[in-house]
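# Fold and geometry: a report
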Amino acid sequence: MARSRFMTLERHIIEGERMHPEATGELSRLLSDLAIAIKIISLEVNKAGIVDILGLTGDENVHGESVRKLDMYAHDMMFKAMDHGGHLCIMASEEEEDIIHIPTDFEIGRYVLLFDPLDGSSNIDANVSIGTIFSIYRRQSPDGLPGTLEDCLQPGYKQVAAGYVVYGSSTMLVYTAGHGVHGFTLDPSIGEFILSHPDIRIPQKGKIYSVNEGNYKYWHPGLKQYIKFLQEEDAPSSRPYSTRYIGSMVADVHRTLLYGGIFMYPADSRSPKGKLRLMYECNPVAFITEAAGGIATDGNMRLMDKVPEHLHERSPIFIGSPDDVNTLLRFLRRAEEAGLV
Ligand code: P6P
């Protein structure tokens, strides 16, 4: 019998659970709770222009970055949707300096949730796509007790699920639980995420590169040579590549996943660790990129092998099509071997 074409996120999660006889359904219920928070955030993001929720709160987040009202709204929605489901032992958010404990009157679960509630918020006023990113681990500390910082500081390869949401012309949720990458589009008329992009696979090679070239003078010499290489004319290798940079990571990553190519936020002489956050930006998109057949590196090692030391630590990130990321790595190594670094 032909597979149903009308697959909701909930049904997809449950079907994914059936592939694992040992599954308790707890991760499925966690993901379903997460979807509720995302629907609520989507409602506000898509009407922010009408409701007076744009603009700055006057506060600053833990990184000294001015917080926009939608950031805090999204953070609060994630917390309120996730704190009482009984699936989590601890949470961490870009908007909170410390780990976020589960309120004592709620059941403590076996999972850990790290999230960037609203990434790309500097673009909010310009109505550019922004997003939510999440990363889920199984706890390492004893069951039943409050979660710990160590539960949050796990290397990316231990993730059990990860995803991002793009609040754009439509609201799209892309997630993996380790078995393929699947994209769902929110149908606001029924409030359901409908499977629109089953089993996303990144192209082996693309013809788009995505990086903030304003930082060119501060880059690794090998990266400078790589970008010049992409700008040369060579039809058989689709060069010159096009450059696309939205400045909202989830949008740049989503395009890279669907069209191929490479997205980069490198370290440079001013930011030796790059800008993006390892735990709730780099690791989740690295998990998704690898699950879709791509490569995710910090320029020296596999991103998901990095052992985190701090909750909000930054990391350089290069993700995308295998041929493109491997070509970049060759340029970085060649420049180092030539003593240019
Ligand atoms: P830059 C948005 O503020 C963000 O955190 C990511 O979404 C995005 O990829 C990056 O910063 C853009 O940074 O330095 O190019 O403006």
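Residues numbered from 1 in each chain as written. Predicted model: local features only at pLDDT ≥ 70, side-chain atom pairs only at ≥ 80, totals over all residues. Heavy atoms only, no water.

With that settled, the discussion passes to the packing of aromatic side chains. In this structure the tally under the stated criterion is four aromatic pairs. One aromatic cluster is present, formed by Tyr226, Phe229 and Phe331 through successive ring pairs. Across the ring face of phenylalanine 229, the terminal group of arginine 239 is positioned such that the distance to the ring centre comes to 3.8 Å. Between arginine 334 and the ring centre of phenylalanine 331, over which it is positioned, the NZ or CZ distance is 5.1 Å. (Phe/Tyr/Trp six-rings, centres within 6.5 Å; stacked < 30°, edge-to-face > 60°. Lys NZ or Arg CZ within 6 Å of the ring centre and 35° of its normal.)

This paragraph deals with the site of the ligand. Taken together, Asp119, Gly120, Ser122, Asn212, Tyr245, Gly247, Ser248, Met249, Tyr265, Lys275 and Leu276 make up all the residues around the ligand. The contact in question runs from an oxygen atom of the ligand to an N or O atom on the side chain of tyrosine 245, over 2.6 Å. In the environment of the ligand, an oxygen atom lies 2.7 Å from a nitrogen or oxygen atom belonging to the backbone of methionine 249. Burial of the ligand by the protein amounts to 80% of the accessible area it has alone, namely 400 Å². Along the lines of polarity and charge, the residues of the shell around the ligand split into four nonpolar, five polar and two charged. (Near = heavy atom within 4 Å. Polar contact = N/O pair within 3.5 Å; in protein donor to acceptor, adjacent residues only side chain to side chain. Areas by Shrake-Rupley, 256 points an atom, 1.4 Å probe, with all protein chains shown as cover. Nonpolar A, V, L, I, M, F, W, Y, C, P; charged D, E, K, R; others polar.)

For the protein chain, the assigned domains are domain 1 (9-197) and domain 2 (208-337). When each unit is reduced to the centre of its C-alpha atoms, the spacing between domain 1 and domain 2 is 24 Å. Taken together, the contacts link 48 residues of domain 1 with 30 residues of domain 2. For the domain 1 and domain 2 pair, buried surface summed over both sides reaches about 2800 Å², with 69% attributable to carbon and sulfur atoms. Three residues stand out in domain 1 for area buried against domain 2, namely Ile133, Leu153 and Tyr164, and they jointly supply 21% of the buried area on that side. (Domains from an automatic or database assignment. Contact = heavy atoms within 4.5 Å. Buried area = accessible area lost by both parts, 1.4 Å probe.)

Here we take up the side chain of arginine 139. Tracing the chain through its elements places arginine 139 in the loop between strand 6 (130-138) and helix 4 (149-152). Buried charge without a salt bridge: arginine 139, with aspartate 143 as the nearest opposite-charge side chain at an N-O distance of 4.1 Å. There is a polar contact of 3.5 Å between the side chain of arginine 139 and the backbone oxygen of glycine 109. Among the polar contacts made by the side chain of arginine 139, one reaches the side chain of serine 141 at a distance of 2.8 Å. With residues up to four places along the chain from it excluded, the contact list for arginine 139 reads Cys89, Ile108, Gly109, Arg110, Tyr111, Val112, Gly144, Leu145, Pro146, Gly147 and Asp151. (Helix = DSSP H or I, 4+ residues; strand = E, 2+ residues; numbered from the N terminus. Buried < 20%, exposed > 50% of the residue type's maximum accessible area, 1.4 Å probe, protein only. Lys, Arg positive; Asp, Glu negative; His and termini not counted. Salt bridge = Lys/Arg side-chain N within 4 Å of Asp/Glu carboxyl O.)

Let us now look at the sheet that holds strand 13 (residues 262-265). Taken in spatial order, the five strands line up as 12-11-13-15-14 in an open sheet, and their pairing is mixed. Single-partner strands in this sheet number two, and they are strand 12 (242-243) and strand 14 (295-297). Two strands pair when backbone bridges link them, and strand 13 and strand 15 (residues 317-320) are joined in this way by four bridges, in the antiparallel orientation. Its bridge partner lying in strand 15, methionine 264 is registered against phenylalanine 318. (Pairing = 2+ DSSP bridges.)

Residue placement: histidine 312 occurs in the loop between strand 14 and strand 15. A distance of 2.9 Å separates the side chain of histidine 312 from the backbone oxygen of glutamate 96, its partner in a polar contact. Discounting residues that sit within four places of it in the chain, histidine 312 has contacts with Val62, His63, Ser93, Glu94, Glu96, Glu97, Arg277 and Tyr280.

Our focus in this paragraph is the sheet that holds strand 5 (residues 111-119). One open sheet holds the eight strands; their spatial order is 4-3-5-6-7-8-9-10, and the pairing between them is mixed. Looking at which strands have only one partner, the edges of the open sheet turn out to be strand 4 (100-101) and strand 10 (192-197). Across six bridges, the pairing between strand 7 (residues 159-167) and strand 8 (residues 171-176) is antiparallel. Residue pairing in the sheet places tyrosine 167 in a bridge with threonine 171 of strand 8. Set on the sheet, helix 2 (residues 26-45) makes contact with strand 3 (88-93), strand 5, strand 6, strand 7, strand 8, strand 9 (181-187) and strand 10; between it and strand 6 the angle comes to about 165°. (Axes fitted to C-alpha atoms, helices over the stretch in contact; angles between N-to-C directions.)

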